[in-house]
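# Analysis of the macromolecular model
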Amino acid sequence: LMVYAAWQSVYAAQPWVVNPQSSEITFIAIQEGSAFTGHFERFDIELKFDPEHLDSSYFKVSIDTASINTHAPDRDEILRSAEFFDISQWPDAKFNTTQITSLENGFYLATATLKIREKAQQLYFPFQLRILKQDPPLLTASGELLINRFDFDLAQGEWRDTRIIGEQVLIRVKLKASKPIRR
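The rules behind these values
- Residues numbered from 1 in each chain as written.
- Predicted model: local features only at pLDDT ≥ 70, side-chain atom pairs only at ≥ 80, totals over all residues.
- Heavy atoms only, no water.
- Helix = DSSP H or I, 4+ residues; strand = E, 2+ residues; numbered from the N terminus.
- Contact = heavy atoms within 4.5 Å.
- Core = buried A, V, L, I, M, F, W, Y, C linked by side-chain atoms within 4.5 Å.
- Buried < 20%, exposed > 50% of the residue type's maximum accessible area, 1.4 Å probe, protein only.
- Polar contact = N/O pair within 3.5 Å; in protein donor to acceptor, adjacent residues only side chain to side chain.
- Pairing = 2+ DSSP bridges.

## Observations regarding the overall build of the protein
From N to C terminus, the protein includes two helices and eleven strands. Counting from the amino terminus, helix and strand elements in the protein follow one another as α-β-β-β-β-β-β-α-β-β-β-β-β. Projecting the C-alpha coordinates of the protein onto the three principal axes gives extents of approximately 60 × 35 × 30 Å. Within the protein, counting contacts between residues at least 6 apart in sequence, those at least 24 apart form 57% of the total.

Take a look at the structure:
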């Protein structure tokens, strides 16, 4: 049993430490026909990844929805309200991969569940990932995902009108991570 446990730890994806100052979760949405951008200032990402062991690789992301910032305080308050994220009931959004598949040349496809408010949707998230062989190794990843805000009840009352807020939201993720320092 101990030999099996040791084998599992050697041949399993290893953890990476995400650098929040060098990582970002941003989005682009449409308000009254014009695009606006925003980001989440606080999020936590648990990441295990090894291109040779994708079966044990994963991303677990928790986003503090109260940290939304579109550089428009009035709009941010509306987005935090019960009409959109309803941060008093659902303070975070969750993104968890269930499978990662290699495509080619550093491109991957994650099967994942995104949960916002009480609504969870399975989706596919294409991303590019590179591991730079340096000391310590550096992992960089980026990807985009287009979601329909109605799939997550991100529109109540007058905000359901797509002439006010567009139906689609483009989410962009960029992250940098390093291997934990062993002492």
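Anyway, onward from the coordinates.
## Quick look at the nonpolar core
Residues Leu47, Phe49, Leu139 and Leu175 are the most contacted members of the largest nonpolar core, which totals 45 residues. Beyond its immediate stretch of four places on either side in the chain, Leu139 contacts Trp16, Leu47, Phe49, Leu129, Arg130, Ile131, Leu175, Lys176 and Ala177.

## Details of the side chain of Thr70
Along the polypeptide, Thr70 turns up in the loop between β6 (68-69) and α2 (73-80). The class of Thr70 is buried, set by a relative accessible area of 4%. Here Arg75 takes part through its side chain, which lies 3.0 Å from a polar atom of the side chain of Thr70. Separated by 2.5 Å, the side chains of Thr70 and Asp76 make a polar contact. With residues near it in sequence (within four places) discarded, Thr70 still touches Phe27, Phe36, Thr37, Gly38, Arg75, Asp76 and Leu79.

## Describing the pairing of strand β4 (residues 43-49)
Alternating residues of β4 divide into Phe43, Ile45, Leu47 and Phe49, all buried, and Asp44, Glu46 and Lys48, none buried. The pairing of β4 with strand β5 (residues 58-64) spans six bridges and is antiparallel. Within β5, the position partnered with Lys48 by the bridge is Tyr58.

## Considerations on unusual backbone geometry
With omega at 0 degrees, the peptide bond leading from Asp135 into Pro136 counts as cis. Within the fold, Pro136 resides in the loop between β9 (119-132) and β10 (138-148). The backbone of Asn105 shows a phi angle near 50 degrees, a positive value even though the residue is not glycine. Here Asn105 is to be found in the loop between β7 (92-102) and β8 (107-116). Even without a glycine there, the phi angle at Asp153 is positive, about 55 degrees. In this structure, Asp153 sits in the loop between β10 and β11 (168-178).

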